Amino acid sequence: MSNIKLSCQEANHVCDKNQYKEASFWEKVKLNIHLIYCRACRKYSMKNGKLTKVMTSSKVEVLDTISKDKMKIAFEKELAKHQ
């Protein structure tokens, strides 16, 4: 039975993984069992679901690779100035 139980911290981690479709079947089972008896984690899970829904339905553009590279170069230049 201890193999099935998750701490709240572990449950939140699995919830985050589940949000990005990275949780295994067994992790999802253990998470759902934990959510049955933990109100705080149910609330966290619901908020995570809402966040995912908002982010997928928003029209926010993701930075492309070129922009990321430019930001990295600019960051490294600024960092070098302060060392």
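The structure displayed is predicted, hence computed values, not measured ones.

Caption draft 1: Quick look at the side chain of His34. Locating His34 in the fold gives a position in helix α2 (residues 25–37). According to the relative accessible area criterion, His34 is buried, its value standing at 2%.

Caption draft 2: Examining the state of the cysteines more closely. A full pass over the atoms with the stated rule returns zero disulfides. Cys38 supplies the cysteine sulfur nearest to Cys8, a cysteine that is in no disulfide, at a spacing of 3.6 Å. Distance from the sulfur of Cys41, which forms no disulfide, to the nearest cysteine sulfur (Cys38) is 3.5 Å.

Caption draft 3: Highlighting the side chain of Gln19. For Gln19, the location among the structural elements is in helix α1 (residues 8–19). Here Thr52 takes part through its side chain, which lies 2.5 Å from a polar atom of the side chain of Gln19. Other than its neighbours up to four places away in sequence, Gln19 contacts Asn48, Leu51 and Thr52.

Conventions we followed
- Residues numbered from 1 in each chain as written.
- Predicted model: local features only at pLDDT ≥ 70, side-chain atom pairs only at ≥ 80, totals over all residues.
- Heavy atoms only, no water.
- Helix = DSSP H or I, 4+ residues; strand = E, 2+ residues; numbered from the N terminus.
- Buried < 20%, exposed > 50% of the residue type's maximum accessible area, 1.4 Å probe, protein only.
- Disulfide = S-S within 2.5 Å.
- Polar contact = N/O pair within 3.5 Å; in protein donor to acceptor, adjacent residues only side chain to side chain.
- Contact = heavy atoms within 4.5 Å.

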